[in-house]
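Working through the structure, step by step
Listed here are the chains, written in short residue letters.
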Amino acid sequence: MTDRADSVLHPSVPAPVPDECLLTESDAQLLFGGARTVYAFTDEPVTDEELRAIHELAKWAPTAVNAQPLRVVAVRSEEARARLLPCLPRGNREQPAGAPLTLVCAADRGFTETLERVHPRGARHRALLAEGGPGMTAAWARTSATVQVGFLIQAIRAVGLAAGPMNGDRGEELAAEFFPGQDVEVLAVINVGHPGEDACQVRNERLAFDEVYRVL
């Protein structure tokens, strides 16, 4: 990050905020305005070091009671890719077939097993979720893991790689193939690597503020 004394803060960042939360205008434009979905990749591999670096950034995503329900299977070998492609709709097979790495991202509805380790009041929250029933636990898992997926995409970009996220269509097949015996909901599939030629589509219109927000 640019030194605070030499930077111009992005106009939408209120003050005061902690130093580590400050974004310069160029930071914000790179992080948000520069985000593109990549459809074509080079053959350059994604290393174990890069994958671990992605996790070290993405793990700080905020989740309900620090539950961290996201579970990821990193598909890199040809054998694993051969298992992945038949689980995807035909229209979604070309991108992962050409990507050096594909992440299958799921919300683990069994996240309560680790609550007592990751939250000081984990036992209490685990009991509350048990009282709320499986629907409440599933909703918590889905919401928090979805937030984690967003952080994961930005972490991929932060280490110099490109991301091509896709919906987790045919999620039950993906869950059975890559999360056997786990109670999960597949949320997304993310292709990862270095962008190839004609990697991105033409950027289309975004909805205006008044079309998205209602201020009450």
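Calculation notes
- Residues numbered from 1 in each chain as written.
- Predicted model: local features only at pLDDT ≥ 70, side-chain atom pairs only at ≥ 80, totals over all residues.
- Heavy atoms only, no water.
- Helix = DSSP H or I, 4+ residues; strand = E, 2+ residues; numbered from the N terminus.
- Buried < 20%, exposed > 50% of the residue type's maximum accessible area, 1.4 Å probe, protein only.
- Contact = heavy atoms within 4.5 Å.
- Areas by Shrake-Rupley, 256 points an atom, 1.4 Å probe, with all protein chains shown as cover.
- Lys, Arg positive; Asp, Glu negative; His and termini not counted.
- Charge placed at Lys NZ, Arg CZ, Asp CG, Glu CD.
- Pairing = 2+ DSSP bridges.
- Axes fitted to C-alpha atoms, helices over the stretch in contact; angles between N-to-C directions.
- UniProt positions renumbered as here; feature names shortened; annotations may be inferred.
- Core = buried A, V, L, I, M, F, W, Y, C linked by side-chain atoms within 4.5 Å.

**Some words on the overall build of the chain**
In terms of regular secondary structure, the chain is built from 9 helices and 4 strands. Secondary structure of the chain in N-to-C order comes out as α-α-β-α-α-β-α-α-α-β-α-β-α. When its C-alpha atoms are laid out on the principal axes, the chain stretches across 50 × 45 × 40 Å. Residue burial in the chain is summarised as follows: out of 216 residues, 36% are buried. Taking as baseline every contact in the chain between residues at least 6 positions apart, the subset at least 24 positions apart corresponds to 76%. Of the roughly 13,100 Å² of accessible surface on the chain, 53% is carried by carbon and sulfur atoms. Looking at charge distribution, the chain has the averaged site of its 21 positive side-chain charges lying 6 Å from that of its 30 negative ones.

**Details of the sheet that holds strand β3 (residues 162-167)**
The strands that make up a sheet pair up through hydrogen bonds in the backbone, lying either parallel or antiparallel. Taken in spatial order, the 4 strands line up as β1-β2-β4-β3 in an open sheet, and their pairing is antiparallel. Pairing within the sheet leaves two strands with one partner each, and these edge strands are β1 (70-75) and β3. With direction set aside, neighbouring strand axes in the sheet form an average angle of 25 degrees. Pairing of strand β2 (residues 101-108) with strand β4 (residues 184-193) involves 8 bridges; the strand directions are antiparallel. The residue of β4 that forms the bridge with Leu103 is Ile190. Packed on one face of the sheet, helix α7 (residues 134-158) meets β1, β2, β3 and β4 and runs near 5 degrees to β4. Lying on the sheet, helix α8 (residues 171-178) is in contact with β1 and β4; it crosses β4 at an angle near 80 degrees.

**Quick word on the UniProt feature "domain: Nitroreductase" (unreviewed entry) in the chain**
In the UniProt entry, the feature "domain: Nitroreductase" (unreviewed entry) is given for residues 36-194. Secondary structure content for residues 36-194 is 44% helix and 19% strand, and the end C-alpha separation is 12 Å.

**Description of the nonpolar core**
In terms of nonpolar packing, the biggest core is built from 25 residues, with Leu103, Cys105, Leu152, Ile156, Ile190 and Val192 touching the most fellow members. Only α2 (48-58), β2, α7 and β4 provide two or more residues apiece to this core. Per-element tally for this core: the top contributor is α7, with 6 residues. Ignoring any residue separated from it by four or fewer positions in sequence, one finds Ile156 in contact with Ile54, Leu103, Leu161, Ala162, Ala163, Ile190 and Val192. If you look at the next biggest cluster of nonpolar residues, it comprises 15 residues, including Val75, Ala80, Leu84 and Val184.

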